[in-house]
Amino acid sequence: MDQKIIESWNKNSAEWVRVVDNDQIESRRFTNTAIENEVKKLSGGKIIDIGCGEGWLTRSMTAIGKNATGIDAIEQLLLSARTKGPETYHQMRYEDLIQGKPIPGGPYDAAVFNFCLYQKDGLDRLLMATKNQLSSEGEILIQTLHPFFLFDNGLAYKSQTISNSWKGLPGNFIDGHEWYARTFEDWVDTITESGLKISGCREIVNSEKRPVSLILKIN
């Protein structure tokens, strides 16, 4: 993960926890339920929540009967997560996974990336490295902003770098980091380059029937 992303999250971790704890992000009414429903459908019970942040999804997976563990690069977020439930959390960066560092407690039956894939380069290697830490039939779930985001923000429909990850969110965030927005075609190509394949796809809409997120299942 880019050092600028790490620095931005370190600066904004406390504000992020406050915003999430107070349910201030409207779209999460739809995206949270959507990823929870997809997790329920997973056949395996042992799941790693990668980029778990303050741990809300890790705790939710425990509540629905899964054996969940979380990892994240930001220790301040993990400190918050550890105060809110019995789940186990470890500090790890994406680079650790790509380099083959084993996730404690593995292998896992499934991995979930929920709104935490920002990078342009190396995503194919990250996905394959994650797959290597799963059981033979292990699946990966990815939830990301829907590519409709580009139209919604008056941008050309092409994969591109967005300058500020915090723009448009409630809260007093500072020094936002860049992130890479992908088109559908780019997602398909990147997953294919990783040697994996898409086995499921869901488009999540809000109450106005506008797309807010995309969930991909790959194996």
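Above this text is the structure in question.
Owing to the predicted nature of the structure, the values given are computational and were not obtained by experimental measurement.

Draft legend 1. Representation of helix 3 (residues 56-63) in the model. Trp56, Leu57, Thr58, Ser60 and Met61 are the residues of helix 3 that are buried. Along its buried surface, helix 3 packs onto helix 2 (28-41), strand 1 (46-50), strand 2 (67-72), strand 3 (88-91) and strand 4 (108-114). Following helix 3 by one or two positions, Gly65 adopts a phi angle in the positive range, close to 100°.

Draft legend 2. Spatial organisation of empty space enclosed by the protein. According to the stated counting rule, one finds one cavity of 30 Å³ or more in the structure shown. What the largest cavity holds in volume is close to 50 Å³. Around the largest cavity sit Thr144, Leu145, His146, Pro147, Phe149, Leu150, Trp179, Ala181, Arg182 and Trp187, which together line it. Mapped by element, the contributors of at least two residues to the lining of the largest cavity are strand 5 (134-145), helix 7 (148-152) and strand 7 (179-181). When grouped by side-chain class, the residues that make up the lining of the largest cavity number seven nonpolar, two polar and one charged.

Draft legend 3. Examining the packing of aromatic side chains more closely. For the structure shown, the criterion picks out nine aromatic pairs. A centroid spacing of 5.4 Å and a plane angle of 80° characterise the contact between Trp9 and Trp16, whose relative ring orientation is edge-to-face. Comparing Trp9 with Trp16, the two get one shared label, buried. Site record: aromatic cluster; members linked through ring pairs are Trp9, Trp16, Trp166 and Phe173. The ring of Tyr108 carries Lys46 above its face, with NZ or CZ at 5.2 Å from the centroid.

Draft legend 4. Examining the pairing of strand 9 (residues 211-218) more closely. Within strand 9, seven of the eight residues are buried, leaving the element largely enclosed by the surrounding structure. Sheet topology note: the strand 5/strand 9 ladder contains six bridges and is antiparallel. Along strand 9, the bridge assignment pairs Leu145 with Ser213. One ladder, built from seven bridges, connects strand 8 (residues 198-205) with strand 9; its direction is antiparallel.

Cut-offs used in this document
Residues numbered from 1 in each chain as written. Predicted model: local features only at pLDDT ≥ 70, side-chain atom pairs only at ≥ 80, totals over all residues. Heavy atoms only, no water. Buried < 20%, exposed > 50% of the residue type's maximum accessible area, 1.4 Å probe, protein only. Helix = DSSP H or I, 4+ residues; strand = E, 2+ residues; numbered from the N terminus. Contact = heavy atoms within 4.5 Å. 1 Å grid on protein atoms, 1.4 Å probe; cavity = no way out; pocket = protein on both sides within 12 Å on 5 of 7 lines; lining within 4 Å. Points joined across faces, edges and corners; volume = space filled by probe spheres on them. Nonpolar A, V, L, I, M, F, W, Y, C, P; charged D, E, K, R; others polar. Phe/Tyr/Trp six-rings, centres within 6.5 Å; stacked < 30°, edge-to-face > 60°. Lys NZ or Arg CZ within 6 Å of the ring centre and 35° of its normal. Pairing = 2+ DSSP bridges.

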